[in-house]
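What follows is each chain in one-letter form.
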There are 4 protein chains.
Amino acid sequence: MYNVSIIGASGYTGAQLVQLVQQHPELVLKGTYVSSNSADAHKSIGELHGNLAHVDATLLPINDEVLETLANSVDFIFLATPHEASHDWMPILTSGSAKVLDLSGAFRLKDTQVFEDFYGFPHLQKDSLEQAVYGLAEWYCSDIQPAKIIAVPGCYPTASLTALKPLCENQLLDKAVRPVINAVSGVSGAGRKANLTTSFFEVSLHAYGVLGHRHTPEIEAYLGTPVIFTPHLGNFKRGILATITVKVKPGIKQVQLDEVYKAAYADKPIVRLRNSFPKIDDVAHTPFVDLHWKLDEASGYAVITSAIDNVMKGAASQAIQCVNIMTKQPVETGLVL
Amino acid sequence: MYNVSIIGASGYTGAQLVQLVQQHPELVLKGTYVSSNSADAHKSIGELHGNLAHVDATLLPINDEVLETLANSVDFIFLATPHEASHDWMPILTSGSAKVLDLSGAFRLKDTQVFEDFYGFPHLQKDSLEQAVYGLAEWYCSDIQPAKIIAVPGCYPTASLTALKPLCENQLLDKAVRPVINAVSGVSGAGRKANLTTSFFEVSLHAYGVLGHRHTPEIEAYLGTPVIFTPHLGNFKRGILATITVKVKPGIKQVQLDEVYKAAYADKPIVRLRNSFPKIDDVAHTPFVDLHWKLDEASGYAVITSAIDNVMKGAASQAIQCVNIMTKQPVETGLVL
Amino acid sequence: MYNVSIIGASGYTGAQLVQLVQQHPELVLKGTYVSSNSADAHKSIGELHGNLAHVDATLLPINDEVLETLANSVDFIFLATPHEASHDWMPILTSGSAKVLDLSGAFRLKDTQVFEDFYGFPHLQKDSLEQAVYGLAEWYCSDIQPAKIIAVPGCYPTASLTALKPLCENQLLDKAVRPVINAVSGVSGAGRKANLTTSFFEVSLHAYGVLGHRHTPEIEAYLGTPVIFTPHLGNFKRGILATITVKVKPGIKQVQLDEVYKAAYADKPIVRLRNSFPKIDDVAHTPFVDLHWKLDEASGYAVITSAIDNVMKGAASQAIQCVNIMTKQPVETGLVL
Amino acid sequence: MYNVSIIGASGYTGAQLVQLVQQHPELVLKGTYVSSNSADAHKSIGELHGNLAHVDATLLPINDEVLETLANSVDFIFLATPHEASHDWMPILTSGSAKVLDLSGAFRLKDTQVFEDFYGFPHLQKDSLEQAVYGLAEWYCSDIQPAKIIAVPGCYPTASLTALKPLCENQLLDKAVRPVINAVSGVSGAGRKANLTTSFFEVSLHAYGVLGHRHTPEIEAYLGTPVIFTPHLGNFKRGILATITVKVKPGIKQVQLDEVYKAAYADKPIVRLRNSFPKIDDVAHTPFVDLHWKLDEASGYAVITSAIDNVMKGAASQAIQCVNIMTKQPVETGLVL
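Residues numbered from 1 in each chain as written. Chains lettered and ligands numbered in written order. Predicted model: local features only at pLDDT ≥ 70, side-chain atom pairs only at ≥ 80, totals over all residues. Heavy atoms only, no water.

**Q** In this structure, what is going on with helix α8 (residues 155-169) of chain A? I would like to understand it.
**A** Since the α-helix advances by 3.6 residues per turn, residues separated by three or four positions end up pointing in the same direction. Residue and element names in this part refer to chain A. With 15 residues, α8 extends 21 Å from end C-alpha to end C-alpha; this agrees with the ideal 21 Å at 1.5 Å per step. The largest bend in α8 is about 35°, located at Leu-161. Gln-171 occupies a position one or two residues after α8 and carries a positive phi of about 55°. (Helix = DSSP H or I, 4+ residues; strand = E, 2+ residues; numbered from the N terminus. Expected span 1.5 Å × (residues − 1). Bend = angle between axes of the 7 residues up to and from the residue.)

**Q** Looking at this structure, I do not really get the relation of the copies chain D and chain A. What am I missing?
**A** For the pair of chain copies, the relating transformation is a rotation about an axis with a translation along it. When chain D is fitted to chain A, the residual RMSD is 0.0 Å, and the transformation amounts to a turn of 180° plus an axial shift of 0.0 Å. Expressed as a symmetry operation, the mapping of one chain copy onto the other fits a two-fold axis. Measuring from the rotation axis to each C-alpha of chain D, the shortest distance belongs to Val177(D), at 3.2 Å. (Least-squares fit on C-alpha atoms with pLDDT ≥ 70 in both.)

**Q** Quick question: what am I supposed to make of the packing of helix α1 (residues 12-23) of chain D against helix α12 (residues 312-326) of chain D here?
**A** Think of two packed helices as two axes; the pair is described by the angle between the axes and how far apart they sit. All names here are of chain D. The N-to-C vectors of α1 and α12 enclose an angle of 40°; their axes lie 9 Å apart at closest approach. When the axes of α1 and α12 are compared, the pair comes out oblique. The two elements α1 and α12 cross, and the hand of that crossing is right-handed. Contacts from Thr-13, Gln-16, Leu-17, Leu-20 and Val-21 of α1 reach α12 at Met-312, Ala-315, Ala-316, Ser-317, Ala-319 and Ile-320. Partitioned by chemical class, the residues of the contact of α1 with α12 number eight nonpolar, three polar and no charged. (Axes fitted to C-alpha atoms, helices over the stretch in contact; angles between N-to-C directions. Parallel < 35°, antiparallel > 145°, perpendicular 65-115°, else oblique. Left-handed = near helix turned anticlockwise from the far one by under 90°. Contact = heavy atoms within 4.5 Å. Nonpolar A, V, L, I, M, F, W, Y, C, P; charged D, E, K, R; others polar.)

**Q** Teacher, can you tell me more about the packing of aromatic side chains here?
**A** Two aromatic rings, taken as a pair, are described by how far apart their centres are and by the angle between their planes. The tally for this structure, following the rule as stated, stands at 42 aromatic pairs over all chains. Ring centres of Tyr134(B) and Tyr140(B) lie 6.1 Å apart, and the angle between their planes is 75°; on these two criteria the pair is classed as edge-to-face. Pair check on accessibility: Tyr134(B) and Tyr140(B) agree, each one buried. Taken together, a centroid distance of 3.6 Å and an interplanar angle of 5° make the contact between Tyr134(B) and Tyr222(B) stacked. On the criterion of sequence distance, the pair formed by Tyr134(B) in strand β6 (residues 133-134) and Tyr222(B) in helix α9 (residues 215-223) is long-range, its members being 88 residues apart. Of the residues examined, Tyr222(B) reaches a relative accessible area of 13% and is grouped as buried. Each member of the aromatic cluster is reached from another via a ring pair, and the members are Phe115(A), Tyr119(A) and Phe121(A). (Phe/Tyr/Trp six-rings, centres within 6.5 Å; stacked < 30°, edge-to-face > 60°. Buried < 20%, exposed > 50% of the residue type's maximum accessible area, 1.4 Å probe, protein only.)

**Q** Looking at this structure, I do not really get the pattern of salt bridges. What am I missing?
**A** Side-chain pairs of opposite charge can arise where the charged atoms are in close proximity. Counted under the stated rule, the structure contains 54 salt bridges over all chains. In this structure, Lys237(A) engages Asp281(C) in a salt bridge whose closest nitrogen and oxygen atoms are separated by 2.5 Å. Here the residue Lys237(A) occupies a position in the loop between β10 (228-233) and β11 (240-247), and Asp281(C) occupies one in helix α11 (residues 280-283), the pair thus bridging two chains. With relative accessibility at 33%, the residue Asp281(C) sits in the partly exposed group. Put simply, Lys313(C) and Glu138(C) hold a salt bridge, and the shortest N to O gap is 2.6 Å. In this pair, Lys313(C) is assigned in helix α12 (residues 312-326) and Glu138(C) in the loop between β6 (133-134) and α7 (141-144), connecting sequence segments 175 residues apart. Under the relative-accessibility criterion, Lys313(C) is labelled buried at 0%. Beyond isolated ion pairs, a larger network of salt bridges with shared partners links Asp40(A), Lys43(A), Arg192(A), Glu202(B) and Lys279(C). (Salt bridge = Lys/Arg side-chain N within 4 Å of Asp/Glu carboxyl O.)

**Q** I tried to follow the relation of the copies chain B and chain D on my own but got confused; where do I start?
**A** Expressed as a screw transformation, the operator carrying chain B onto chain D has a rotation angle of 180° and an axial translation of 0.0 Å, and the superposed copies differ by an RMSD of 0.0 Å. Comparing interface residues between copies, 100% of those in chain B also sit at the interface in chain D, which points to an isologous, same-surface contact.

**Q** Explain the interface of chain B and chain D here, please?
**A** Size of an interface: often given as the accessible area lost when the parts come together. At the junction of the two partners, chain B supplies 18 residues and chain D supplies 18 residues. Buried area between chain B and chain D, summed over both chains or domains, comes out near 1300 Å², and the portion from carbon and sulfur atoms is 58%. Of all residues in chain B, the largest losses of buried area upon contact with chain D belong to His54(B), Arg272(B) and Leu337(B), amounting jointly to 32% of the total for that side. Between the two partners, chain B and chain D, sit two salt bridges. Our enumeration of links across chain B and chain D arrives at eight residue pairs in polar contact (both at pLDDT 80 or more). For the side of chain B that touches chain D, the elements supplying multiple residues, two or more each, are α1 (12-23) and α11 (280-283) of chain B. (Buried area = accessible area lost by both parts, 1.4 Å probe. Polar contact = N/O pair within 3.5 Å; in protein donor to acceptor, adjacent residues only side chain to side chain.)

**Q** Would you take a moment to explain the environment of Asn182(B) for this structure?
**A** Tracing the sequence through the fold places Asn182(B) in strand β8 (residues 180-185). Considered as a pair, Asn182(B) and Arg238(B) are 56 residues apart in the sequence and their alpha carbons are 17 Å apart. Ignoring any residue separated from it by four or fewer positions in sequence, one finds Asn182(B) in contact with Thr230(B), His232(B), Leu241(B), Ala242(B), Thr243(B), Asn182(C), Thr243(C) and Thr245(C).

Listed below in structure tokens is the structure:
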């Protein structure tokens, strides 16, 4: 059994982590924390998240002393915190025996100039950044296993990379044409906060962050090729559907695509290769990535769609996958029941 | 042609009024205003409300001087403002030739003690309150016609009173059993503001204001009998469905109910007596009230459902109906096209 | 370990049962069946229900021979079938060692005349009907434990009875005023079938089955008092919110209500007594019933709201609760993880 | 005043046409028709479409005699019918003085081989096809004005062509990279019929018709260049959002794109050039097309989004625009109020 703590448990990702830790056979929840100036401090988690009304967990305020204690008293710390908080707290949290899974964007980009351009503040934790391993569970398993710090991937990159890496790694793409990633995310992706943009009346499908979203460099960094990524806000609570259009090299056949996907995910129970284009609801509330693809052999263009639950595989359940890898359990432990 | 101005045009009701005034053959929009400390001041209305992107109207900041000018320069002023603002501004707005339609709750309750209990501040505008006429268009037409001040009814009271007044006025109810009004409102009812309660992820059908909502005394005042009113927040943008259970006096038959409804609304084009229980979407984006009812003759219990668009008949289009009455046009002018 | 089979696994309740059996530590899924003339026969369950794409289960056609075999080869049979099928197949299914949990309405009403009036066909299985025990898990535990046949309660009755029985059993209600139950159900309640009424464009909140729904006699039978029950179709997929208005006897206080609820559900982990009025999403995808109530001591009227997931506590998870009781496991086994 | 009849008034497009004709100052509704074997024959339109409960119009069965009479007795006939019906009836409907606006796909593709490949039946009405003019109102005004037959464009092509034609006509596109059109449509696009795919529980964002949808050749035919078009079903009732990614020729600047759009739509009141990426709800229930675009000058890739109401600009209101053009009224008559 492993002891874990969750910092940032007032948000949607934090609440999902609480639920996943509760149902995991090998994890024990030792504490849930929020920012020391949060109005949610000292509330029970069920007060904020009605679905957890039966869970006995209080949101305690975090402070330097608590951070230090956690670093030496639990096995794993989940950081479901703003980028700035993760960035600032990482050295102290990694000063003891605990390993840290950071669900913010603070440690995903190795290039600190790109980081500063897209996140708006300079990266000052070079040592931590160097140690951090990108936690895309199906692709970086051997790096994740011994790591001290896991940078849990962003939701859009998870959906996009799972779809594109088999094609890239097998050199099937025509590099003259950039992959076009159109993705629609549920509103939980915007986090738990009062905001006119995500108020119920205002939400209606639209594009945002066009040609400038911070997940673009993350996708490009782990794919190794530039992409055009257009995120959208959808009128649903959970899930991402990414529709990806690529051009493959001349002469590639549908069966070749089928083969590379099957090979890439043969022993990966979290990735489901579907027989038809998946729906958001196929994966909502699940840890799965669902993939389907089709090639127009005449033109060489292919369309792949990738569906995930942004709060699960796009955040919390991928973090649990990483813990499973780090503790040498089957990757789906506590996730596929 | 009549000149009108709208104060509070940044909200959902104000925006709806802009649209209705634009499409009305006898009304001319002279100005749209917002609170002087609003971040929306000087923006175009289309910037806030994308559906009005083609409308050339700027949100001007209101102040005492503007209020005074309006009182003497337009025929009708619509107040889509907070209760406090309507309360405070009414004397100056009614100091000239303009007539005022107030869509807040400030002038609906004649009993100032009840007002203070439910609205949380004392009513200091006794003269205005005395002049104010309740603008339930199908029921107070002769009072509305000559009025200086119209207190446009609340959304829930509009749905409830339209359903219940025919039964009450005809003394069909068994007074020993209170009418039970269960109503579900779309999120627009909460107004245009950033609020965790109405954020997309959080909205999910639930009761609120149980046994204490401020529309209860409004319904009771204009019905003349106590009720149990339970509002709910629903996961849709517009509309109210009120489901009302009453006990009628012994021996009443279904045909008697049919007759009183037909008689009450024979020449009222805005009230549609339906052949089946109406849906929210039957009335969304329309000025109509849809009614249907059924009596269990054995037990004497009857169920009536009443559907309106809360932003239209529950606010803006009812205000337009009042203007039509005041200017002696057919009540549906500019509303039923 | 207990072997179970599910008949009617093509529907939403059947698919939910598959998932619950898969995640239950003591149950083994031995077979999933559909009607022999179903177009879904021989399909995999993941083809119909994308969320189960990873589950290896084929929908086999049922026939008399299979029914007979099941009766002697598994421990529990779940019937997620039409009323007529459950009615017809019950004798053969109970001819062996298997126990049967019927999720249809065929065995809930002991009065066969009322049954025929509301279900439209005569009840011919008197012996089975006599043996059947009503599976409202929190209230009939000692009857359920030794039973051969469980009539799993309807979704609306589950929500309604959980809210009302504590008040009725403690004689707190003023019998001169009928409890008024207004309930809104998600669309899954209508089952998995092509139907214009439940097509996406047509769904919009409205009342149906007014003063004549077949769940009314079920509620009345197990409550022991007549009620006015008005169901509604809501624009969401899962969940029921029942808002119940009652009149209590003179002099009853809020604290007395608090006490009877606490006493009734003290050791019942599936019923969560909430501190505020619950939302549908608090219980969606969970086995819980969430209750909250408020009394207006002056008038004696109280409002209770009860939220469940109609596919879970309103069907599948309640059936699992019954199996847990019958096998003497904690009632929440495999449900609260 | 012009007399019009609507064939196929039981569907969503037909019902929208009824409403638009009712509110149009120069059109008089002379009759609403449905297929002679429709279960909806002889019903009132309000019985099918609750929002039209106040409209006095009966759905009459169509037959050859009626078709012939219509051809000589009204000015305009709207065909909101299946492709096959439009195809078969066109010669008789155009045998008199009436002009016909066909909202099906029967007369949009001039290449009959492509038609047969995508629609599944051979085109036998060569004369009618030759006469038919593509009714994209902002682009083919001078052809539309004198036409006898208008092939009203498909919903996806309307959204796509409005966005792409300014770039194509001005030769700004890099032809080596196909435009990628990702579009999400509301469920009304699937028509009014009972269908498991569009039942409320099943609808959840997903791609369909990938690399083979029949609107692809329609877009390509009127754009003059091949595209990759991927439609999606979204969980909303009305509207299409098309997100279009293109590569422009080297050296093109953002201001050049701004200029071509402004030039193309300078005097076109139905196309709104927005300052930000539009939402579906900005255009739902309106006749507008909303466009916004952004170019990454470094890479040459641009993203344009185009939003329409599929039932309005994607069908019914575009047909009204065509009638306005044919009768030499301002194109927005009866549409922008």
